[in-house]
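Listed below, chain by chain, are the residues.
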Amino acid sequence: MASDEAPEAQTQEPEAPAHDPFSVKILTAVQVHRSLNGLRHNDHLRYRQYCSRRLRRLYVQLRFKHGKGRFKQATFPDNFDDPKWIFIPLVQSERAWAFAVQLKADNAAAAVFNARWRHHSERKLAKACQYAQHLEAVCKVHCDQRTQLEAEAYAALMSGAWLAERENWAEAKTKLARSKKLFEHFLLAADQAEGSAFRTYLQELAPMLRECRYNLGEAEQDEDGLGKASVTDGTKGRDGDLMFRTHAVSIPSDKIRSKVVKCMEMTKALQADADSQETPGAVFAEKYGELSVEYGDALKDVHSEMIAAGADSDTADWRIVEAFIREASSCVSVERNLILLRSHLGKLDDIEDVNTIESRRQCRPEEGMRFCELVKEELAALSELPESSEDLEETFAVYKKVILDYRCLYLALCHAALGKLLEAAALLEMLMTRVDEAPGKEQSGLLQRLQGLFQHIQQQLPSRVARWRCRILIQLAKASKKKKDAEAEETADLVQPKNPKQDVLATFPPRFRDIPCKPLLFDLAFPCIEAPNLDAILPKKQEGKGRQAVAAVAGALGGLGSRLGGWMGRK
């Protein structure tokens, strides 16, 4: 009996794929193809036609034909080594979904409701669910963990849309909530380019979930799962008393914990070395760059661990850990750029004029503008992190104002270097009215060190602005005086030269001088001139009549001669 059941068990077991697991970014690819082929303008017909063409191309490339002439269903292979097979059920699901939404939109815009269109739309959504579930099953065999989760989120989204169309609100809410949880999980582990795609999915999910809760009679909940803080209980294990904006950081993975601790120790050692010197230079900036690379590697490991753990794990802890590493990395980048900015400001204080070649070799104002732009971008990234508060927003606003003031100073110096003294003077005059010494509220943790650096450069800003304003005004006065003297000298030379012969011999070739143009003459008496009488010159009418009579007689004689000649020539 056992020997008879063994072959059946062996035949039922699926064969393991001979290739490495495929990595396909399903959700990002779907969002890109949708936006590029009609759905940016809600043109579902165009997107459905695109899916049909793409599906035909996939069939030809993979030789997945369905007979010639008469249709014959081909079986989807169980084993394959080309990742393009993953896109066949995906494109089939997208085509059916686009057809369903097109029918639904046409029915909504029609003058009379069409029940057949509604049933056709439901059938197409059911087809889309079947293809999405087939995609999920194929990805579980041939793809990695991330692709499997993306296929699960896509299948849950299609199933939720179909159940909501059939007004099965309870099951639709369950599917849509699962899809939303997976999208939020991917958003935490995504970079800036992929994050926009997941935010689009979350925006599309919000009205469907709201409709399900309304029909179920449930209370309104928070739509944005990433907007509010997930409070971490103080009883959980703390890793070296790491804090992220009044929340204890609990790292679930030992590998990530060791990397984070190593990065924090490197940060403290580097900051201690930088504080020992009054003006840290480019060597410390390079060390800060290496530390930023370490934080970037730790962040990649966090994202991979989050995907491996899945959305069913403790997402709140992973969210706090990911935000803590992002904040630490951004703070290190801001500190590095502020050190470079301080070094550049020290070079700027040693020069008095930005127009000379020596000063341009020593210090370029456009480099300072680049440092200000980098600091502004990092501050924007810090303000977008979760667990924000009003005090943090006010402090970041003060920091941004300081950086924008320094950027305005460097912009004025760039205008001065190009010879645009009026523009530079106007910018510095405006900057004098807005510089102040508001340090912002004191912060703790990683942001405490940034406050000292910003206060240091902010205290020196009014003196720098006043110094360069006086220098630009002096240069502007000298330039205007020189221009007036040149104009007066030129006017005096044109009116009354002192020694014309000496000037001609001294300056060769001579300068160009304006001379009066020859005036244009208009004959105002021309309309008053009477035309002469030409009757005496023209021939008389009688002579013309005689000539006409002679010409008529000659013509008649010529015609008679031609007739006689023709008659004589006949045989």
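Calculation criteria
- Residues numbered from 1 in each chain as written.
- Predicted model: local features only at pLDDT ≥ 70, side-chain atom pairs only at ≥ 80, totals over all residues.
- Heavy atoms only, no water.
- Helix = DSSP H or I, 4+ residues; strand = E, 2+ residues; numbered from the N terminus.
- Buried < 20%, exposed > 50% of the residue type's maximum accessible area, 1.4 Å probe, protein only.
- 1 Å grid on protein atoms, 1.4 Å probe; cavity = no way out; pocket = protein on both sides within 12 Å on 5 of 7 lines; lining within 4 Å.
- Points joined across faces, edges and corners; volume = space filled by probe spheres on them.
- Nonpolar A, V, L, I, M, F, W, Y, C, P; charged D, E, K, R; others polar.
- Axes fitted to C-alpha atoms, helices over the stretch in contact; angles between N-to-C directions.
- Parallel < 35°, antiparallel > 145°, perpendicular 65-115°, else oblique.
- Contact = heavy atoms within 4.5 Å.
- Salt bridge = Lys/Arg side-chain N within 4 Å of Asp/Glu carboxyl O.
- Patch = residues over 30% accessible without salt bridge, like charges linked within 9 Å, V, L, I, M, F, W, Y side chains within 5 Å.
- Areas by Shrake-Rupley, 256 points an atom, 1.4 Å probe, with all protein chains shown as cover.
- Lys, Arg positive; Asp, Glu negative; His and termini not counted.
- Charge placed at Lys NZ, Arg CZ, Asp CG, Glu CD.
- Expected span 1.5 Å × (residues − 1).
- Polar contact = N/O pair within 3.5 Å; in protein donor to acceptor, adjacent residues only side chain to side chain.
- Phe/Tyr/Trp six-rings, centres within 6.5 Å; stacked < 30°, edge-to-face > 60°.
- Lys NZ or Arg CZ within 6 Å of the ring centre and 35° of its normal.
- Left-handed = near helix turned anticlockwise from the far one by under 90°.
- Disulfide = S-S within 2.5 Å.
- pLDDT = per-residue confidence, 0-100.

Asker: What is the right way to look at unusual backbone geometry in this model?
Answerer: Most peptide bonds take the trans configuration, and most residues that are not glycine carry a negative phi. In this structure, R63 takes a positive phi of about 55 degrees despite not being glycine. Within the element layout of this structure, R63 appears in the loop between α3 (44-62) and α4 (87-109). For R63, a relative accessible area of 75% translates into the label exposed. Its identity is not glycine, yet E167 carries a phi of approximately 60 degrees, on the positive side. The topology assignment puts E167 in the loop between α6 (145-165) and α7 (169-188).

Asker: Even after reading the chapter, I still don't get the layout of surface pockets, so can you show me in this structure?
Answerer: Unoccupied space between atoms shows up once a probe the size of one water molecule is rolled over them. By volume, the second largest pocket amounts to about 640 Å³. Forming the boundary of the second largest pocket are 23 residues, of which W97, V101, K104, A161 and M208 lie nearest the centre. Counting residues per element, the ones that place at least two in the lining of the second largest pocket are α2 (26-36), α4, α5 (115-142), α6 and α8 (192-216). Considering every element that reaches the lining of the second largest pocket, the biggest residue donor is α6, with five residues. Classifying every residue of the lining of the second largest pocket by side-chain character gives eleven nonpolar, five polar and seven charged.

Asker: Would you take a moment to explain the packing of α2 against α6 for this structure?
Answerer: To characterise two packed helices, one gives the angle between the axes of the helices and the distance between these axes. Running from amino to carboxyl end, α2 crosses α6 at an angle of 55 degrees, the nearest separation of the two axes being 8 Å. Judged on the interaxial angle alone, α6 and α2 are oblique. In this structure, α2 uses I26, L27 and R34 to contact α6, whose residues at the interface are T147, E150, A151, A153, Y154 and M158. Its residues assigned to classes, the contact of α2 with α6 comprises six nonpolar, one polar and two charged.

Asker: Can you help me understand the pattern of salt bridges in this one?
Answerer: Any two side chains of opposite charge can pair if their charged atoms end up close together. For the structure shown, the criterion picks out 19 salt bridges. For R464, the salt bridge identified is with D349, shortest N-O distance 3.0 Å. One end of the pair, R464, is in helix α17 (residues 461-495); the other, D349, is in helix α11 (residues 315-349), and 115 residues separate them in sequence. Accessibility expressed as a relative area gives 5% for R464, which makes it buried.

Asker: Looking at this structure, how should I read a positive patch on the surface?
Answerer: Positive charge collects at one region of the surface, where R40, R46, R53 and R57 lie side by side. Looking at the secondary structure, you find R53 in helix α3.

Asker: For this particular structure, what's the right way to read empty space enclosed by the protein?
Answerer: In this structure the tally under the stated criterion is one cavity of 30 Å³ or more. Within this model, the largest cavity holds a volume of roughly 70 Å³. If you trace the largest cavity, you find it lined by A29, V30, H33, Y47, Y50, C51, R54, F87, L90, V91 and E94. Put simply, the parts of the chain that give the lining of the largest cavity at least two residues each are α2, α3 and α4. Class assignment for the residues of the lining of the largest cavity results in eight nonpolar, one polar and two charged.

Asker: Please clarify how α5 should be interpreted in this entry.
Answerer: Side chains of residues three or four places apart in an α-helix project in the same direction, reflecting 3.6 residues per turn. The end-to-end C-alpha separation of α5 is 41 Å, in line with the 40 Å expected for 28 residues at 1.5 Å each. Of the residues making up α5, those classed as buried are S121, E122, L125, A126, A128, C129, A132, L135, E136, V138, C139 and H142. In the core, the buried residues of α5 are packed alongside α2, α4 and α6. Backbone nitrogen of R116 and a side-chain oxygen of the N-cap are separated by 3.1 Å at the start of α5; the cap is N114.

Asker: Could you clarify how one ought to interpret the environment of H456 in this entry?
Answerer: Along the chain, H456 falls in helix α16 (residues 447-459). Sequence-wise, H456 and R342 are 114 residues apart; in three dimensions their C-alpha atoms are separated by 9.3 Å. At 3.5 Å, the side chain of H456 forms a polar contact with the side chain of Q460.

Asker: Help me understand the packing of aromatic side chains, please; the structure alone is not making it clear to me.
Answerer: Counted according to the given criterion, the structure contains eleven aromatic pairs. Plain terms: the ring middles of F183 and Y201 are 4.9 Å apart, the flat faces sit at 15 degrees to each other, and that makes the pair stacked. Pair noted here: F183 is in helix α7 and Y201 is in helix α8, with a separation of 18 residues, a long-range link. For F183, a relative accessible area of 0% corresponds to the buried category. Within the aromatic cluster, the residues linked to one another by ring pairs are F22, Y59, F64, F76, F80 and W85. Stacked on the ring of W97, the Lys or Arg R34 has its end atom at 4.1 Å from the ring centre. Over the face of the ring belonging to F99 we find R48, whose NZ or CZ atom lies 4.1 Å from the ring centre.

Asker: Explanation requested: the packing of α3 against α4 in the structure shown.
Answerer: Taken N-terminus to C-terminus, the directions of α3 and α4 make an angle of 160 degrees; their axes are 9 Å apart at the nearest point. Looking at the two axes, α3 sits roughly antiparallel to α4. Along this stretch, α3 crosses α4, giving a crossing that reads as left-handed. Here H44, L45, Y47, R48, C51, S52, R54, L55, L58, Y59 and L62 of α3 come into contact with α4, specifically with F87, I88, V91, Q92, E94, R95, W97, A98, F99, V101 and Q102. Within the contact of α3 with α4, the residues separate by chemical class into 14 nonpolar, four polar and four charged.

Asker: Just to check I follow, could you spell out the state of the cysteines for this structure?
Answerer: A covalent bond bridging the sulfur atoms of two cysteines is what the word disulfide describes. Applying the stated criterion across every chain, the model contains zero disulfides. For the unlinked cysteine C143, the closest cysteine sulfur is that of C139, found at 3.9 Å. Looking at C414, it has no disulfide partner, and the nearest cysteine sulfur is the one in C363, 9.7 Å off.

Asker: Is there a simple way to explain the side chain of E322 in this structure?
Answerer: Mapping E322 onto the fold places it in helix α11. Apart from residues no more than four positions distant in its own chain, E322 is found in contact with L188, L299, V302, H303 and M306.

Asker: How do you make sense of the confidence of the model for the protein when you look at a structure like this?
Answerer: Caution applies to low-pLDDT regions: their predicted coordinates should not be interpreted in detail. Per-residue pLDDT for the protein has a mean of 79; in total, 78% of the residues score no lower than 70. A low-confidence stretch, residues 1-13 (pLDDT under 50), is modelled with zero contacts involving residues beyond four sequence positions or located in other chains. Low pLDDT, under 50, characterises residues 222-238; the stretch is placed with 33 contacts to residues that sit more than four places away or in other chains.

Asker: How do you make sense of the side chain of N107 when you look at a structure like this?
Answerer: Counting through the fold element by element, N107 comes out in helix α4. Accessibility expressed as a relative area gives 8% for N107, which makes it buried. Here N107 is in contact with V112, F113, N114, W117 and R118, once residues within four sequence places are set aside.

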